[in-house]
Every structure is written in structure tokens, then in C-alpha cells.
Amino acid sequence: MKKPYVVGIAGGSASGKSTFCDQLEAALREHKLLIFHMDYYFKPKDKRPFVKSPINENMYIDDNHPETLDLPKLRQDLQSAINDAKVDIIIIEGLLVLADDEICNQLDLKLFMECRQDERIVRRLRRNMAKGLTFDEISNVYLDMVRFRHDEYVEPSKWKADIIVNGSASTEKALEIITYAIKTFGKNDKSHHGGQK
């Protein structure tokens, strides 16, 4: 049985992962798709780790650490979807998609959304202020915690990517190329699945 073609999209906070995932989903709409958003696998707030900021020792819920996610559940759901082979293409997006080895090894195509830190913080401010958070709430968490977790987990995972997408510019050309690659390579009847083991 032919297995689904699995695409992973990683990148920093507010780098454009979800937007590019939506664009890719629309471009591949004639295929049977299954989308996994890593954010849907956050543990309940009382189960997430708290951490002390290295800057001022304030305590924060550490939403950018692997332990804040139910990764075993995500891995299990992804593997079940691959084994069922009821879809043509699976897309999984999130901060740690390439940082987690078990998930990364299931991917046929690994993408990383690259976007400058200053642009990402501005996007994060706009997005979260629209949700009702204050400038100080957003900027404090970012400066005290998020940027350190980015350097620790997200940035190093970039070098596992097959393609790095410029999240600061129009993604129209990248989308066209990546869509073509998925449609082309996804047709191959693979005897094995995943990338480097």
C-alpha cells in the first residue's frame, strides 16, 4: 500500500508557518489531505512546565519547550495516519516539527520558515495584542523566555530542512516550487518511509 507523502513545516514564532501551511493546503486541494497543527497538542495549563527567566528570574509557563506539548500523542496520531494511508498528503506544522527526531524522521519533505527576529516580534505583538494581551505582557515573555527557547530548539533544527522558505517576502514562487515537488515526488511508490534514520 502506498503511504502518504509527509511534509513538515517548522520555524520560529510568527515566522509564517500557519500561513504557509494554509497556502499549501489550498494549492493541494485536489488531493486528500490531513493537516496536523502542533499547537493543538498543548498540554493543559496546569500540566505545562514553569521556568524561571534567565534575565530577571520571573516565572513563566514555558510554552516553547518540548515538555509543554503532548508529543507522544502527536507522534502516535501521525504514525496512525501514515499507517492508515487514507490520505495522499499529510502536512504537520509547528515550532518543534524538525526539532523532534521521531517526527522529523517521518517526513518526506522538511521545510523551515526563516524570518528575522525583529520582524517576528512585531508580528507576534500585532497578533497577540489583537487577542487582548498588552504590549508589556507580550514583550516580557518574548524577551525573558521565547527568544532563548528559539535559540535552543528552533534555530538549530533549521539545518535539518530540505528547503528554507523566506518568510519575510512573498512566498508565491516558493509555494509554486514546493507544490510541484510534492505532487511529483508524492507519486512515487515508496518501499520505505521517512528521511534520515
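As a reminder, the structure under discussion sits directly above these lines.
Structural notes, computed from the coordinates. Just so it is clear, the structure is predicted and the values come from calculations on it, not from any experiment. (Residues numbered from 1 in each chain as written. Predicted model: local features only at pLDDT ≥ 70, side-chain atom pairs only at ≥ 80, totals over all residues. Heavy atoms only, no water.)

**Structural notes on the side chain of arginine 149**
Thought 1: With respect to the helices and strands, the residue arginine 149 is situated in helix 5 (residues 135–157).
Thought 2: Looking at arginine 149, its side chain comes within polar contact range of the side chain of glutamate 152, at 2.6 Å.
Thought 3: If sequence neighbours within four positions are ignored, arginine 149 has contacts with Val51, Asp62, Asn64, His65 and Val154. (Helix = DSSP H or I, 4+ residues; strand = E, 2+ residues; numbered from the N terminus. Polar contact = N/O pair within 3.5 Å; in protein donor to acceptor, adjacent residues only side chain to side chain. Contact = heavy atoms within 4.5 Å.)

**Some thoughts on helix 6 (residues 172–185)**
Thought 1: Taking 1.5 Å of rise per residue, the 14 residues of helix 6 would be expected to cover 20 Å, and the 20 Å separating its terminal C-alpha atoms lies within 8% of that figure.
Thought 2: Among the residues of helix 6, those classed as buried are Leu175, Ile178, Thr179, Ala181 and Ile182. One side of helix 6 carries all its buried residues, which in axial view fall inside an arc of 160 degrees. Of the residues in helix 6, the exposed ones pointing more than 90 degrees away from the buried face are Glu172, Lys173, Ile177 and Tyr180.
Thought 3: As for helix 6, its buried residues are in contact with strand 1 (5–11), helix 1 (17–27), strand 5 (89–93), strand 6 (109–114) and strand 7 (163–166). (Expected span 1.5 Å × (residues − 1). Buried < 20%, exposed > 50% of the residue type's maximum accessible area, 1.4 Å probe, protein only. Arc of directions from axis to C-beta.)

**Focus on the packing of helix 1 against helix 6**
Thought 1: Look at helix 1 against helix 6: their axes get within 10 Å of each other, and the N-to-C directions meet at 55 degrees. Taken together, the axes of helix 1 and helix 6 lie oblique to each other. For the pair helix 1 and helix 6, the crossing hand works out as right-handed. Listed contacts from helix 6 to Phe20, Gln23, Leu24 and Ala27 of helix 1 are Ala174, Leu175, Ile178, Thr179, Ile182 and Lys183.
Thought 2: Broken down by class, the residue content of the contact of helix 1 with helix 6 amounts to seven nonpolar, two polar and one charged. (Axes fitted to C-alpha atoms, helices over the stretch in contact; angles between N-to-C directions. Parallel < 35°, antiparallel > 145°, perpendicular 65-115°, else oblique. Left-handed = near helix turned anticlockwise from the far one by under 90°. Nonpolar A, V, L, I, M, F, W, Y, C, P; charged D, E, K, R; others polar.)

**Quick notes on the side chain of serine 13**
Thought 1: Note that serine 13 resides in the loop between strand 1 and helix 1.
Thought 2: One polar contact links serine 13 to arginine 124, side chain to side chain, over a distance of 2.6 Å.
Thought 3: Setting aside anything within four residues of it in sequence, one finds serine 13 in contact with Leu95, Arg120, Arg124, Arg127 and Val146.

**What about the sheet that holds strand 5?**
Thought 1: Read from one edge of the open sheet, five strands run 2-5-1-6-7, paired in parallel fashion. Taken across any chain shown, the strands that pair with only one partner, and hence form the sheet edges, are strand 2 (33–37) and strand 7. Neighbour to neighbour, the strand axes of the sheet diverge by 20 degrees on average, direction disregarded.
Thought 2: Strand direction decides the pairing type here: strand 6 and strand 7, joined by four bridges, are parallel. Within the sheet, the bridge partner assigned to phenylalanine 112 lies in strand 7 and is isoleucine 164.
Thought 3: Here helix 1 sits on the sheet and contacts strand 1, strand 2, strand 5, strand 6 and strand 7; the angle it forms with strand 1, its principal contact strand, is near 155 degrees. (Pairing = 2+ DSSP bridges.)

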